[in-house]
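The chain contents come next:
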Amino acid sequence: MDKWKRVAWSDESRFLIHHVDDSVRVRRLPAEQLLSSCTAGHTQAGDGGIMLWGTFSWETLGPVVVAEQTMKAANYLNIIADQLPPYMAFVFPTGNGIFQQDNAPCHKARIVLEWFEEHTDEFHLMS
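Residues numbered from 1 in each chain as written. Predicted model: local features only at pLDDT ≥ 70, side-chain atom pairs only at ≥ 80, totals over all residues. Heavy atoms only, no water.

Enquirer: Quick one: what's the story with the overall build of the protein, residue by residue and with numbers?
Expert: Of the regular secondary structure elements, the protein holds two helices and five strands. Shown N-terminal to C-terminal, the secondary structure of the protein runs as helices and strands in the order β-β-β-α-β-α-β. The buried share of the protein, taken over its 127 residues, is 31%. When the accessible surface of the protein is summed, it comes to about 8,900 Å², and 54% of that surface belongs to carbon and sulfur atoms. (Helix = DSSP H or I, 4+ residues; strand = E, 2+ residues; numbered from the N terminus. Buried < 20%, exposed > 50% of the residue type's maximum accessible area, 1.4 Å probe, protein only. Areas by Shrake-Rupley, 256 points an atom, 1.4 Å probe, with all protein chains shown as cover.)

Here you go:
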């Protein structure tokens, strides 16, 4: 358990205000009817979304950042380069922190992995 207390996680998620696949998702009880007055009208796809990146650890929540564009390697690198070192230094001041990310393509990009190699004296990237 003590080793997991040294790990920080991050992820990004896109939140859409309007559905884009023309499906209406409604949770209701069995045998409960959907009133026609509750259905949404047609909306244009692609508008009304936001992409957020955030990080957290056992100790505390980290920053949440609004991503201005889709999460590609260069955008991801800009966010982690700005946000991750100060967070890891605050939470793991002795440099024993471990950062874990998933295998999203932007996380595995060469420029991102090279950046992590340059910062191994500050924290480690979990393989």
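The structure having been displayed, the exposition proceeds.
Enquirer: How would you explain the pairing of strand S3 (residues 61-67) if you had to name every residue and give the values?
Expert: Remark: a regular strand shows side chains that alternate across the two faces of the sheet. Relative to S3, strand S2 (residues 49-57) is paired through five bridges, and the arrangement is antiparallel. Residue pairing for S3: methionine 51 is matched across the bridge by alanine 67. Taking the residues between adjacent antiparallel strands as the criterion, S2 and S3 are bridged by three residues. (Pairing = 2+ DSSP bridges.)

Enquirer: Any details on the pattern of salt bridges? Residues and values, ideally.
Expert: Oppositely charged side chains may form a pair once their charged atoms are brought near each other. In the structure shown here, the tally under the stated rule is one salt bridge. A salt bridge links glutamate 114 to arginine 110; the nearest nitrogen and oxygen atoms lie 3.6 Å apart. Pair noted here: glutamate 114 and arginine 110 are both in helix H2 (residues 110-118), with a separation of four residues, about one helical turn. Classification of arginine 110 as exposed rests on a relative accessible area of 61%. (Salt bridge = Lys/Arg side-chain N within 4 Å of Asp/Glu carboxyl O.)

Enquirer: I'd like a rundown of the sheet that holds strand S5 (residues 124-125), residues and numbers included.
Expert: Read across the sheet, five strands follow the order S3-S2-S1-S4-S5 without closing on themselves; strand pairing throughout is mixed. Unpaired on one side and paired on the other, S3 and S5 mark the two borders of the sheet. On top of the sheet, helix H1 (residues 73-91) reaches strand S1 (7-16), S2, S3 and strand S4 (98-100); it is set at about 25 degrees to S2, its chief contact. (Contact = heavy atoms within 4.5 Å. Axes fitted to C-alpha atoms, helices over the stretch in contact; angles between N-to-C directions.)

Enquirer: Go over H2, please, and point to the residues and values.
Expert: Taken residue by residue, H2 has Val112, Trp115 and Phe116 as its buried positions. Buried residues of H2, viewed axially, fall in a sector of 100 degrees; they line one side. Of the residues in H2, the exposed ones pointing more than 90 degrees away from the buried face are Arg110, Glu117 and Glu118. Buried positions along H2 lie against H1, S4 and S5. (Arc of directions from axis to C-beta.)

Enquirer: Could you give an account of the pairing of S2, with specific residues and numbers?
Expert: Here nine bridges tie S1 to S2, and the two strands are oriented antiparallel to one another. Within the sheet, the bridge partner assigned to serine 10 lies in S2 and is threonine 55.

Enquirer: Report on the confidence of the model for the protein, specifying residues and quantitative values.
Expert: Per-residue confidence for the protein averages 83 on the pLDDT scale, and 79% of its residues sit at or above 70. By mean pLDDT, the top-scoring element of the protein is H2 (95), and the lowest-scoring one is S1 (88). Below a pLDDT of 50 lies the segment residues 41-45, which in the model reaches five contacts outside its immediate sequence neighbourhood of four places, other chains included. (pLDDT = per-residue confidence, 0-100.)

Enquirer: Please provide a residue-by-residue account of the packing of aromatic side chains, values included.
Expert: Under the counting rule described, the total for this entry stands at six aromatic pairs. With a centroid separation of 5.5 Å and 20 degrees between ring planes, the pair formed by tryptophan 9 and phenylalanine 56 is classed as stacked. Here tryptophan 9, found in strand S1, pairs with phenylalanine 56, found in strand S2; they are 47 residues apart in sequence, far enough to count as distant. When the ring of tryptophan 115 is compared with that of phenylalanine 116, the centres are 5.1 Å apart and the planes differ by 80 degrees; the resulting orientation is edge-to-face. You'll find tryptophan 115 and phenylalanine 116 in the same group, each marked buried. One aromatic cluster is present, formed by Phe99, Trp115, Phe116 and Phe123 through successive ring pairs. (Phe/Tyr/Trp six-rings, centres within 6.5 Å; stacked < 30°, edge-to-face > 60°.)

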